[in-house]
Amino acid sequence: MMKIRALLTGLHEGVFPRLPEVSRGKGEFSLFHVDAGGCDGCAMEIESLRYGGWNPEKYGLHFHETPTSADFLLITGVCTHAMMPVVRAAWAAMARPAGLIAAGACAMDGGPFQRNYATLPGLRGSVTPSLEIPGCPVSPGDFLSALSTLLGNGGSSAQEG
Amino acid sequence: MSDSYRLPATVVSSGKKLRSVKEIICQGEKTSPSWAYLLGEYEWRSLGEVLEEERYLFSGLWCDGQRILALFRWRSGEVLMAVHVPEGPRYPALSTTVPAALPFERVIRDLYGFEAMGAEDMRPLINRGAWPVSWPLALRPGLAGCEEDDFEVRLFSDDDREFLLISGPASGASEASALFRQSVSDLKVSGSETIRGFTHRGIAARMMGASLEEAVVLAGRIAASAVVAHQWTFCAAVEQISGFQISESALLVRAVFAEIERILSHFRILARVARYADAGLPAQRMSEAREAVLQVFSECMGRRSLMDMVVLGGVNIPSPDIEDDVARIGIIHDLAKNIADLVDESLFVLRPLWQSYPGLLVRLRGLGPVCSEDVMVRGVTGPVARASGLGRDLRSQASPWVNAGMQVQSQREGDVVARCRQLFAECQESARLLNLFAERLTHVSADVPLRHIFHPENGWGHAVTEGPAGVVEVVLHLKEGRPASVMMRDPSVELIPLADRALKGVMPEDIAAVRNSFGFSISAADM
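Here the focus is the overall build of chain B. For chain B, the count of helices and strands is 16 helices and 17 strands. Its C-alpha radius of gyration of 23 Å places chain B within 12% of the 24 Å reference for a compact globule of 527 residues. C-alpha extents for chain B along the principal axes are approximately 65 × 60 × 45 Å. Counting only residues that meet the buried cut, chain B has 61% of its 527 residues in that class. Within chain B, contacts between residues at least 6 apart in sequence are counted, and of these 66% link residues at least 24 apart. On chain B, roughly 20300 Å² of surface is accessible, and the fraction owed to carbon and sulfur atoms is 49%.

For the rest of this paragraph, the subject is the domain arrangement of chain B. All names here are of chain B. When its domains are assigned, chain B resolves into domain 1 (3-117) and domain 2 (203-317 + 324-526). Placing the centre of domain 1 and that of domain 2 at their C-alpha centroids yields a distance of 30 Å. Each side of the interface is counted separately: domain 1 has 20 residues, and domain 2 has 19 residues. For the domain 1 face of the interface with domain 2, the top three residues by lost area are W62, R73 and R75, together amounting to 32%. The tally of links from domain 1 across to domain 2 stands at one salt bridge. Between E473 and R73 there is a salt bridge; the shortest N-O distance is 2.8 Å.

Okay, helix α3 (residues 102-112) of chain B next. Residue and element names in this part refer to chain B. Burial analysis of α3 places ten of its eleven residues in the buried class, the great majority of the element. Buried within α3 we find L102, P103, F104, E105, R106, I108, R109, D110, L111 and Y112. Buried residues in α3 make contact with β5 (58-63), β6 (68-73), β8 (90-92), β9 (115-117), β17 (482-489) and α14 (492-502). Positioned one or two residues after α3, G113 has a phi angle of 85 degrees, which is positive.

Residues R96(A) and P97(A) are joined by a peptide bond in cis, for which omega reads 0 degrees. Relative to the elements of secondary structure, P97(A) occurs in the loop between α3 (84-93) and β4 (99-103). Omega for the bond connecting S399(B) with P400(B) falls within 30 degrees of zero, at 5 degrees, which places this linkage in the cis form. For P400(B), the location among the structural elements is in the loop between α12 (382-387) and α13 (416-441). Positioned with a positive phi, N55(A) is a non-glycine residue whose angle comes to about 50 degrees.

Attention shifts here to helix α8 (residues 280-301) of chain B. In this model α8(B) runs 31 Å from its N-terminal to its C-terminal C-alpha over 22 residues, within 8% of the 32 Å that 1.5 Å per residue would give. Where α8(B) is buried, its residues contact α2 (41-51) of chain A together with α7 (248-276), α9 (325-356), α10 (360-364) and α13 of chain B.

This part takes up the interface of chain B and chain A. Taken together, the contact between chain B and chain A spans 45 residues of the former and 37 residues of the latter. Carbon and sulfur atoms supply 59% of the area that chain B and chain A bury against each other, a total of about 3200 Å² over both sides. Applying the counting rule to chain B against chain A returns three salt bridges. Where chain B meets chain A, there are 14 residue pairs in polar contact (both at pLDDT 80 or more). Sorting the residues of the side of chain B that touches chain A by element identifies α4 (203-207), α5 (212-219), α7 and α8 of chain B as the ones contributing at least two each. The element best represented in the side of chain B that touches chain A is α8(B), accounting for seven residues. Broken down by class, the residue content of the side of chain B that touches chain A amounts to 19 nonpolar, 15 polar and eleven charged.

The next subject is the sheet that holds strand β7 (residues 79-84) of chain B. Residues and elements named next belong to chain B. One open sheet holds the five strands; their spatial order is β3-β4-β7-β6-β5, and the pairing between them is mixed. Among the strands making up the open sheet, the edge pair consists of β3 (29-31) and β5. Each neighbouring strand pair of the sheet contributes to a mean axis angle of 30 degrees, computed without reference to strand direction. Relative to strand β4 (residues 36-39), β3 is paired through three bridges, and the arrangement is antiparallel. Within β4, the residue paired with T31 across the bridge is A36. Against the sheet, α3 engages β5 and β6, with an angle of about 10 degrees to β5.

Quick look at the pairing of strand β3 (residues 72-76) of chain A now. Residue and element names in this part refer to chain A. In terms of burial, β3 is a largely internal element, five of the five residues being buried. What you see with β3 is no split at all: F72, L74 and T76 on one side and L73 and I75 on the other are buried throughout. In this structure, strand β1 (residues 29-35) lies alongside β3, joined through five bridges in parallel fashion. Across the sheet, the residue bridging to L31 is F72, located in β3. Note: β3 against β4, four bridges, orientation parallel. From the neighbouring strand, I75 faces β4, where its bridge partner is A102.

Residues and elements named next belong to chain B. Put simply, α7 and α8 touch, their axes get as near as 7 Å, and they point 155 degrees apart. With respect to each other, α7 and α8 are oriented roughly antiparallel. Seen along the crossing, α7 lies across α8 with a hand that is left-handed. Each of F257, I260, I263, L264, F267, R268, L270, A271, A274 and R275 in α7 lies in contact with α8, whose residues at this interface are P282, A283, M286, S287, A289, R290, V293, L294, F297 and M301.

To continue, consider the state of the cysteines. Residues and elements named next belong to chain A. Considering all chains together, one arrives at zero disulfides over all chains under this definition. Free cysteine: C42, not disulfide-bonded; nearest cysteine sulfur from C136 at 6.6 Å. With no disulfide of its own, C79 lies closest to C106 among cysteine sulfurs, the gap being 9.1 Å. C79 sits in the buried class, given a relative accessible area of 0%.

Cut-off values and rules
- Residues numbered from 1 in each chain as written.
- Chains lettered and ligands numbered in written order.
- Predicted model: local features only at pLDDT ≥ 70, side-chain atom pairs only at ≥ 80, totals over all residues.
- Heavy atoms only, no water.
- Helix = DSSP H or I, 4+ residues; strand = E, 2+ residues; numbered from the N terminus.
- Rg over C-alpha atoms; globule rule 2.2 N^0.38 Å.
- Buried < 20%, exposed > 50% of the residue type's maximum accessible area, 1.4 Å probe, protein only.
- Contact = heavy atoms within 4.5 Å.
- Areas by Shrake-Rupley, 256 points an atom, 1.4 Å probe, with all protein chains shown as cover.
- Domains from an automatic or database assignment.
- Buried area = accessible area lost by both parts, 1.4 Å probe.
- Salt bridge = Lys/Arg side-chain N within 4 Å of Asp/Glu carboxyl O.
- Expected span 1.5 Å × (residues − 1).
- Polar contact = N/O pair within 3.5 Å; in protein donor to acceptor, adjacent residues only side chain to side chain.
- Nonpolar A, V, L, I, M, F, W, Y, C, P; charged D, E, K, R; others polar.
- Pairing = 2+ DSSP bridges.
- Axes fitted to C-alpha atoms, helices over the stretch in contact; angles between N-to-C directions.
- Parallel < 35°, antiparallel > 145°, perpendicular 65-115°, else oblique.
- Left-handed = near helix turned anticlockwise from the far one by under 90°.
- Disulfide = S-S within 2.5 Å.

So this is what it looks like as C-alpha cells:
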C-alpha cells in the first residue's frame, strides 16, 4: 500500500505524460469508474475488460463500487455539466493521495464534442489527469497496456488478454 | 390532465366529420416538404384527440426553434408530418392521448421552453439544473437552473416497512449514468423512476450547420450499442433526399454490420441479466462469447468498434493494405461466415447452460411482465415488444432482409424470461442471416464500389431502420448541404418508462436484472 501511495503522490506532482520512476515497481491498485456522459463506447469496453476474460486482476487491477477505497478515479465520457458535480463528489470521497485517469478521446479533450450548453471539453482545461489513454473507444488491450505501465508490468504482458 | 383541453372524439371541419389522423393532417395547409401540413391550434388539438384511436402512428415530436413538428408513420411506410407554429410559449399536448409523446414534450420544454398544455408531467426530463442557461436552444434562452428536482417516487409515510432505494448516476458498476429511484413497500417495489439527462450532449443541436461528414460521426456517438443503426438511418435520410441508392454490395455489408451489432448488443444484455441475477457462470460465458465475436471482428477489420463504418454513399472499410473493393468484400464475407459459425457454436453451449443453470429461470420467471397493450400504447418496438407478443420487425420489409426468408419470432409472456428467450432467438436468426449475406456477397457485381461519392441536395428526408433495441428513425432537413432541422428517435426513449412500470412488484434484489432485460441505453435516450 505504501508503494501505491508513493506512486500516486508522484503522479500528482504534475509529471505528464512521463510517469515517475516510482511507478516502475510492481503493485496493485483499484479504480472507481465514472462515465461522465459519453456514448457508452468506452464504458462498454471497460465492461469487456472486467468480464470478457481479460482478467484485469491478474495485472493487479481491481474495480471498486465505491470511490472511498479506490486509488484512481477513472473517467470516461465527455464530462457533461450535469455529471461534473458527480465527478467532483466521487473525487472528494476518495482517500488522498488519489489519481485521475481520463480514458478515451471524450474524457481527454471532448473528442467530437466541443464545449456547448451541455458539455465541457473533457477534463483537459479543468484538471491535469494522472494518465490519459487515447482511443475512440479505448480497447481493453490499450487500457491494460496503459495501466500496466503504471504498475511496471510492461505493456507486452497486458496484451495477452 | 385538465379537462379544458379535451374535445369530442370526432372533429367537424366544413360540415364533414373527420375521424382519422390522416384526414385531420391533410386538412392543414400544405407546406414543405410535400408530406408536411401546417395545422392551427384547433386542428392540432383535434389531432391529439383523434390519435387516441391510432396511437401506433405516432413516431416522434420535435421543435426547430419556432415550430413544433410531429411525425406519423403508417405500416405501409407512408409518413406525414404535422407542423404547428405556437402563438406563445404553449401548444396543445399530444401526450394527453398518446403517452409516447410525453418524453418528447418534456425535452422540447427543456431545450426550447415551449410547454405542452395539458400534459400530465412537465417536470424537466434532461435539464438537471447544471446548464449555464435554461431553454438553451430557444431564441431567447432563460436564466440558469431549473425547478428543484420534484421526484415522482418518494416516501409518503414513516412506516418502517417503506424505504427508498437510490442508485446512480455513478455506481461504479456497468449501469449507465442515470439516477434510479425505487420506493419499496413490504419488500416489493411500489414505484420506480429513472432520472436522466446526465448524459445529454446536445447531439441534435451540434448537427445544425455541421458538415454532413461531421453529422454522421455525431450520429455514431449517440449510443455505442446502436452505432450502425444510427449512422445507417442518418445516411439513409441524406441518400433519400438526393435520390441516391447505394450499391448492392454496400447494402449487404451494412446489413452484415447491423447483424453483428445486434449479436453484440443481445449478448451484452444477456450477460448483464445473468450477472445481476447472480448466475455467475452464464454471465461469464455470455461475456466471453461476446468478447470472442469482438476478437473475430478485430482480426478481420483491425479494430474492435463498428463506429464510422457506415458512411454517406456506402461503407468505409479501413484496410490500408487493400486497395480494391473486391478484396474488401472478401474480408466481409469471411467476417460474416466466421462470426455466424462462432455464434452458432456459442449458442449451442449457452442456451442449454442458460436453461439449466440452477435457479436462474426460476428466479427470473414472471418478473417485470409487460403486456402487449402497454407496448402498443407506449409505442415500444424491438425485442421487448416482440417478447410481449407484437411480432413486428422492420427488417422483414427492408432490403436486403426482405428476400432473406426472415422469420420474425415472438414470445407471449412478456417477462424477463421471455425477453431473454427472444434475444437468444434473434441471435440465432442473425447467425443465419450472416451466413446468407456472406453467400450473397460472393455473387455481387465486382465492379460496383462499396462507396459512391455523391453531392447531397437540399430538402427533407426520412429514414427508419430496426436497431438492436427497436426502431431508429430520422427526419432530416438539409439546407445548403448542411442539417437545418433533425429529429432522431431511439427506442430507449419508450423503453425507459416501460421498464419503470414493469419494476412494480419486483423484489429489490431483482431490480437490476429486470431493468437490464429491457436493453435500453441512457446515452441514446439523452443524446
